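So the chains spell out like this:
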Amino acid sequence: MADNLAAASARVKQDILAASRDVLSGRYSALGADWPLRDPGKPFSPTIWRLDPVTGGLWPGSEVYCFDIPYRHERMLGDIKYVWEYNRLQFLQPLAADAALTGNPDAIAAIEAAIGSWYEANPPFRGICWNSGIELGLRAISLLVVTSLCGDRLSDATVEKIRTILHAHQVWMARYPSRFSSANNHLVAEVAGEFLISLAMPELPLSGRLQAKGRKILAEEANKQILADGVGAEQSPTYGAFTAEFLLLCCFAARAAGQPLAKGIEERLALFSTFIAWLSDAKGRTPGICDDDEGRVITLSRHEPAYATSVSAAIAGYLGTPAKGPRPPEIELRDALLRAPVDSPAPPSGLRTFAQGGYTVVREARNGRDLHIVVDHAPLGYLSIAAHGHADALSVIVTVDGKPLFVDPGTYLYHSGGEWRDWFRSTRAHNTLTLAGADQSMMSGAFNWSHKAVASLDSVEDGENWRIVASHDGYRNRFGCLHRRTVASTPHGFSIHDALTGNPDQAAEIVFQLSPNCEVEMDGQEIRILSDKHWLATMSFSHPGRMESNSGGQAGTGGWHSPRFGIKLPAPRIAWKGTLPSEGLLTNVQLVPEDTE
């Protein structure tokens, strides 16, 4: 890692040093919240590790056994994710990179102060920092990055504390692995943490067994959590990238140790990279499909708007291949450590179906515009509870000339979200059809679903006159019908045809959630859509209905977009409401040529 860091470009190094200066200033922001400015004289007080920056409350500390803290049901103290995020110690990564590049004594002092404070405040298995394996895996990786980059510059006492923390983490993760319906990205994080600790500290009693376990499980999970067409099984592009980054880092470390992992892991990573290239726009942004809690592995500890494409570029760097598609303009630490290519090729074009993962993507020039459409005919999510899935079957996401038009609403919050958590996962928040206000799939908790809609791709036709037909059965038992949607090209744009088979003529709502940058002008059944004051498209419907366009409002009554965790912005939400005719409803979207805006 240190060699790759030293060989990084001047621009990458400048960004690393800027991120380090930001940490040293005492500032810290994550998940849409700002932590209190740290006191330069005592930058890491014992209570900082328990502080919720939103409520100001303090979670239980070392006086309580970790599994006696009911964090899943706590509401007064806030969302546990905020405390966990700080305790991942990822803000140490840019400090370590700074120390490695420049020998900055302030960065070294801050690392030692943070580790000393954390060590004293969080003895093994006590307090809020010890009750989730994924958190231990991420924290262990942060400490390993620190020692890999600047361990030779730290005091013997600090190195010994790091070794003690890592040993305890290894024991805990081996004792309490994620199983059954929780064996998703959490399992990969835990096994990655165990494996990397074992590589770095082979003398530990468990290291031999856990290295062998890691090689086996990482290979198995690569095939389970990245499907054969490259789509992440959890459906979220960012959770797919999260899993891919753990796998990538383990591949990197194993190869550096002269003990490479199974070749099949690299093959799955390459497939994931191709999927992300199709899904992302020209700036490397991917749609906010399903959950995204901004989890990262190698990071400069700042907001990262194009995480999935950054991981995709790092995969190319590791494999020694050109990037498959656009990389983000922003620089990240993984660019340096994994030697990601700096070139950003043009996005792939045409029509591509990812049949197993459940997406068909169209990228083409149409009516003088660059059109990018993602049609979702995917499973709800991964494993029995589909924890990070949303009820978004047959949703359509559209970008025109790089400007978001029809967007996925995003995530907003997890444990503390309440009705907002339900709204952002609901069918009515997505660009699809709803019957009687009912979700296609039925929620049974903040991360659970009792009944799941099954979506299928019925047919797809490529070429100039492309056509995609898909359906789902989420309303069959309750309303006696299937929802079938056809998305097709037209000379001046595209159309969306919605029909109910088996029991038509039902009251329906068809929604199009727009970007916050969009404005809506309604004239009867015709709608003009402007983006940043420029006329982008016109919408019309084949059958009259009650038209609504709302921005903001209460959960369930208006339009909202969450561009990142913890933040929601009012955004126009167009809804057609009425009785769907037996022949279905045709929505026509005509793109306005740029010279007529």
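Above this text you will find the structure in question.
Before going into details, it helps to say that this report is about the structure given with it. Since the model is a prediction, treat every value here as computed from it, not as a measurement.

Calculation criteria
For every chain, the first residue of the written sequence is number 1, and numbering continues from 1 onward in sequence order. Given that the model is predicted, a residue must reach a pLDDT of at least 70 before its local features are reported, and side-chain atom pairs must reach 80 or more before they are shown or counted; all residues, however, enter totals for whole chains, interfaces and linings. Hydrogens are left out, water is left out, and the side-chain values use all remaining heavy atoms of the structure. By definition, any uninterrupted DSSP run of H or I lasting at least four residues is a helix, any uninterrupted run of E lasting at least two residues is a strand, and each is numbered from the N terminus. The globule rule used for comparison is 2.2 Å times the number of residues to the exponent 0.38, while the radius of gyration itself is calculated over C-alpha atoms. Buried residues are those whose accessible area, probed at 1.4 Å on protein chains only, stays under 20% of the maximum for their type, while exposed residues exceed 50% and partly exposed ones sit between those limits. In what follows, a contact means two residues having at least one pair of non-hydrogen atoms within 4.5 Å. Surface accessibility in these figures is a Shrake-Rupley result with a 1.4 Å probe; residues are shielded only by whichever protein chains are displayed. What counts as an axis is a line fitted to C-alpha atoms, over the stretch in contact for a helix, and the angles between N-to-C directions run from 0 to 180 degrees. Oblique is the label for any angle not under 35 degrees, not over 145, and not in the 65 to 115 range, which are roughly parallel, roughly antiparallel and roughly perpendicular in turn. Take the far helix as your reference; a near helix turned counterclockwise from it by less than a right angle gives a left-handed crossing, and one turned clockwise gives a right-handed crossing. Polarity classes work like this: nonpolar for Ala, Val, Leu, Ile, Met, Phe, Trp, Tyr, Cys and Pro, charged for Asp, Glu, Lys and Arg, and polar for all others, with Gly in that last group. To estimate the expected span of a helix, count its residues, drop one, and scale the result by 1.5 Å. Pairing of aromatic rings covers Phe, Tyr and the six-membered ring of Trp, with a centre-to-centre limit of 6.5 Å; geometry is then stacked below 30 degrees between planes, edge-to-face above 60, and tilted otherwise. In our convention, an over-ring charge means Lys NZ or Arg CZ found within 6 Å of a ring centre and within 35 degrees of that ring's normal. For two strands to be treated as a pair, DSSP must find no fewer than two bridges joining them.

**Observations concerning the overall build of the chain**
Broken down by element type, the chain carries 15 helices and 23 strands. Scaling as 2.2 N^0.38, a compact globule of 597 residues should have a C-alpha radius of gyration of about 25 Å, and the chain matches this with 24 Å. Counting only C-alpha atoms and orienting by the principal axes, one finds that the chain spans roughly 75 × 45 × 45 Å. Looking at the chain residue by residue over its 597 residues, the buried ones come to 60%. Sequence-distant contacts in the chain: of pairs separated by 6 or more residues, those separated by 24 or more amount to 68%. For the chain, the computed accessible surface area is about 21500 Å², with 52% contributed by carbon and sulfur atoms.

**Notes on the packing of helix H6 (residues 133–150) against helix H7 (residues 156–175)**
Here H6 crosses H7 at 150 degrees, and the two axes come no closer than 10 Å. Relative to H7, the element H6 is oriented roughly antiparallel. The interaxial crossing formed by H6 with H7 has left-handed handedness. Between H6, through Gly-133, Leu-136, Gly-137, Arg-139, Ala-140, Leu-143, Leu-144 and Thr-147, and H7, the contact on the second element is made entirely by Ile-162, Ile-165, Leu-166, His-169, Trp-172 and Met-173. Split into classes, the residues belonging to the contact of H6 with H7 amount to nine nonpolar, four polar and one charged.

**Thoughts on helix H8 (residues 185–200)**
Over its 16 residues, H8 runs 22 Å from end to end, which matches the ideal 22 Å to within 8%, given 1.5 Å per residue. Of all 16 residues making up H8, 14 are buried, and the element is well covered by its neighbours.

**Observations concerning the packing of aromatic side chains**
Under the defined criterion, the tally for this structure stands at 30 aromatic pairs. A centroid spacing of 6.3 Å and a plane angle of 55 degrees characterise the contact between Trp-35 and Tyr-82, whose relative ring orientation is tilted. Of this pair, Trp-35 sits in the loop between strand E2 (33–34) and helix H3 (80–87) while Tyr-82 is found in helix H3, placing the two residues 47 residues apart along the sequence. The buried category is assigned to Tyr-82, whose relative accessible area is 5%. Pairing Trp-420 with Phe-424 gives two aromatic rings, centres 6.2 Å apart and planes at 40 degrees, and the pair type is tilted. Here Trp-420 and its partner Phe-424 are both found in helix H14 (residues 419–425), four residues apart, which amounts to about one turn of the helix. Per residue, the accessibility class of Trp-420 equals that of Phe-424, and both read buried. Of the aromatic side chains, those joined through ring pairs into one cluster are Tyr-28, Trp-35, Phe-44, Trp-49, Tyr-82, Tyr-86, Phe-91, Tyr-414, Phe-447 and Phe-565. Positioned over the ring face of Trp-420 is Lys-568, at 4.7 Å from the centre of the ring. Between Lys-568 and the ring centre of Trp-560, over which it is positioned, the NZ or CZ distance is 5.0 Å.

**Here we look at the pairing of strand E4 (residues 359–366)**
Among the eight residues that make up E4, seven are buried, leaving the element largely enclosed by the rest of the structure. Sheet analysis places strand E3 (residues 350–354) next to E4, joined by five bridges and oriented antiparallel. Bridge assignment links Phe-354 to a residue of E4, and that residue is Tyr-359. The antiparallel pairing of E3 with E4 creates a hairpin that spans four residues between the two strands, and Gly-358 there sits at a positive phi of about 100 degrees. Bridging between E4 and strand E5 (residues 369–376) involves eight bridges; their strand directions are antiparallel.

**What about the sheet that holds strand E22 (residues 572–579)?**
A sheet is described by the order of its strands in space; here four strands give the open sequence E8-E15-E22-E19, paired in antiparallel fashion. Unpaired on one side and paired on the other, strand E8 (433–435) and strand E19 (546–551) mark the two borders of the sheet. Adjacent strand axes in the sheet meet at a mean angle of 25 degrees, parallel and antiparallel pairs treated alike. Sheet topology note: the E8/strand E15 (residues 507–513) ladder contains three bridges and is antiparallel. Bridge pairing in E15 links Leu-433 to Ile-510.

**Re the sheet that holds strand E13 (residues 482–490)**
The eight strands lie next to each other as E11-E12-E13-E14-E23-E18-E17-E16, forming an open sheet whose pairing is antiparallel. Since the sheet does not close on itself, it has two edges, and those belong to strand E11 (455–461) and strand E16 (518–523), each with one partner. Shown here is a sheet whose adjacent strand axes are inclined to one another by a mean of 15 degrees, direction ignored. Here strand E12 (residues 467–472) pairs with E13 via six bridges, running antiparallel. For Ile-468, the partnering residue across the bridge sits in E13 and is Val-487.

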